[in-house]
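# Results of the structural survey
Next come the chains, spelled out residue by residue.
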Amino acid sequence: DQQVKQNSPSLSVQEGRISILNCDYTNSMFDYFLWYKKYPAEGPTFLISISSIKDKNEDGRFTVFLNKSAKHLSLHIVPSQPGDSAVYFCAASATQGGSEKLVFGKGMKLTVNP
Amino acid sequence: DAGITQSPRHKVTETGTPVTLRCHQTENHRYMYWYRQDPGHGLRLIHYSYGVKDTDKGEVSDGYSVSRSKTEDFLLTLESATSSQTSVYFCAISESPIRPKAFFGQGTRLTVV
């Protein structure tokens, strides 16, 4: 049973527009959430994170929103750039539950068209 | 970039042979992880380590074993490689579970023929 779900396998947007990537989770013990970006033939790289005590975290063009009641988070990229084209993974951890593990979603491929 | 080196970067092996992948870190992080990435499955945890000689299974541990005799090295062994273990393998390190931001290596592409 998947605990972290990225239900859309791909998204295509125009350069300069907003990209919204969604992620749902089922485990109510998750209290820390991260987004990773992955280019082909490279390892995933950390992008942005959010703790469950917050509902928003912003870093430059990237903002993550957390809706705990809906067990949903989203990553907003504004404005989108062609270099943002990559696979994005949502991940979650139960830090207060003592877990040392990150659970990842299946990933979503973002394509930003010039 | 975090100091993580995976070796080899690419390997082709035959079914039934043992294979060992190595992850080496220079960050002195306590936690180390092995993931595999497959189309349609994302990143799945194979095994992880929370200290020297302390390891535990992840969600897809069957057919794999690990060892960690030093803080800096985490080895993943496929005891008898099968075609279903053809995948891209990523090592990751993390400072602590309270700050679970993991840093990943470049990956090892393993093909079992």
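Below, the structure is looked at part by part. As the structure is a computational prediction, the values presented were derived from the model and not from experiment. For every chain, the first residue of its written sequence is number 1, and the numbers climb from 1 along that sequence. To read the labels, note that chains go from A and ligands from 1, taken in the order they are written. In view of the model being predicted, local features appear only for residues whose pLDDT reaches at least 70, and side-chain atom pairs are presented and counted only at 80 or more, with totals across whole chains, interfaces and linings using the full set of residues. Only heavy atoms go into the side-chain values, all of them from the structure, while hydrogens and water stay out.

Before going further, it helps to examine the overall build of chain B. The helix and strand tally for chain B stands at zero helices and eleven strands. A run of H or I in DSSP counts as a helix once it spans at least four residues, and a run of E counts as a strand once it spans at least two, with each numbered from the N terminus. Ordering the α and β elements of chain B from the N terminus gives β-β-β-β-β-β-β-β-β-β-β. Using C-alpha atoms as the atom set, the radius of gyration is obtained and then compared with a globule rule of 2.2 Å times the number of residues to the power 0.38. In terms of overall dimensions, chain B is globule-like: its C-alpha atoms have a radius of gyration of 13 Å, near the 13 Å expected for 113 residues. Counting only C-alpha atoms, chain B reaches 40 × 30 × 25 Å along its principal axes. The proportion of buried residues among the 113 residues of chain B is 50%. Pairs of residues are marked as contacts when any of their non-hydrogen atoms sit within 4.5 Å. Put simply, of all contacts in chain B between residues at least 6 apart along the chain, 54% involve residues at least 24 apart. A total accessible area of about 5300 Å² is found for chain B, and carbon and sulfur atoms account for 47% of it. The buried label applies to any residue whose accessible area, calculated with a 1.4 Å probe on protein chains only, is under 20% of its type's maximum; exposed applies above 50%, and partly exposed to all values in between. Note on areas: these come from Shrake-Rupley sampling with a 1.4 Å probe, and a residue is covered only by the protein chains present in the view.

For the rest of this paragraph, the subject is the state of the cysteines. Two cysteines joined by a covalent bond between their sulfur atoms form a disulfide. We call a pair of cysteine sulfur atoms a disulfide when they lie within 2.5 Å. In the structure shown here, the tally under the stated rule is two disulfides over all chains. Between the sulfur atoms of cysteine 23 of chain A and its disulfide mate cysteine 90 of chain A the distance is 2.0 Å. Taking the sign of the S-S torsion, about -75° here, the bridge from cysteine 23 of chain A to cysteine 90 of chain A comes out left-handed. Note that cysteine 23 of chain A is positioned in strand E3 (residues 19-25) and cysteine 90 of chain A in strand E9 (residues 86-93), a separation of 67 residues in sequence. The exposure classification of cysteine 23 of chain A matches that of cysteine 90 of chain A, with both residues buried. Covalent S-S linkage joins cysteine 23 of chain B and cysteine 91 of chain B, the inter-sulfur distance amounting to 1.9 Å. Taking the sign of the S-S torsion, about -70° here, the bridge from cysteine 23 of chain B to cysteine 91 of chain B comes out left-handed.

Turning our attention to the side chain of threonine 13 of chain B. Residues and elements named next belong to chain B. Summarising the element assignment, threonine 13 is placed in strand E2 (residues 10-13). Relative accessible area serves as the criterion here: at 10%, threonine 13 is assigned to the buried category. In the analysis that follows, any N or O atom pair within 3.5 Å is treated as a polar contact, provided that within protein one partner can donate a hydrogen and the other can accept it, and provided that, for residues neighboring in sequence, both atoms belong to side chains. In this structure the side chain of threonine 13 is engaged in a polar contact, spanning 2.6 Å, whose partner is the side chain of threonine 17. Excluding anything up to four places from it in sequence, threonine 13 contacts Val19, Ala81, Leu110, Thr111, Val112 and Val113.

We now examine the nonpolar core. Counting 25 residues, the largest nonpolar core has Phe33, Trp35, Leu73, Leu75 and Tyr88 of chain A as its most contacted members. Elements represented by at least two residues in this core include exactly E3, strand E4 (32-38), strand E5 (45-51), strand E7 (62-67), strand E8 (72-77), E9 and strand E11 (108-113) of chain A. When residues in this core are grouped by element, the largest group, four residues, is from E9 of chain A. Not counting residues within four places of it along the chain, the set of residues in contact with leucine 75 of chain A comprises Ser19, Ile20, Leu21, Trp35, Leu47, Ile48, Phe62, Thr63 and Tyr88 of chain A. Throughout this description, the term nonpolar core refers to a set of buried Ala, Val, Leu, Ile, Met, Phe, Trp, Tyr and Cys residues connected via side-chain atoms within 4.5 Å. Residues Met32, Phe74, Leu76 and Ala81 of chain B belong to the second largest nonpolar core, which totals 19 residues.

Right, let's get into the interface of chain B and chain A. Contact with chain B, which involves 21 residues of that partner, is made by 19 residues of chain A. Summed over both sides, the interface between chain B and chain A buries roughly 1700 Å², with carbon and sulfur atoms accounting for 63% of that surface. Note on definitions: salt bridges are taken to be side-chain nitrogens of Lys or Arg within 4 Å of carboxyl oxygens of Asp or Glu. Counting across the interface, chain B meets chain A through zero salt bridges. Taken together, chain B and chain A are joined by three residue pairs in polar contact (both at pLDDT 80 or more). Contributions of two or more residues to the side of chain B that touches chain A are made by strand E4 (31-38), strand E5 (42-51) and strand E10 (99-104) of chain B. No other element matches E5 of chain B, which puts five residues into the side of chain B that touches chain A. Joining two parts hides part of their accessible area as seen by a 1.4 Å probe, and the buried area is that hidden amount summed over both.

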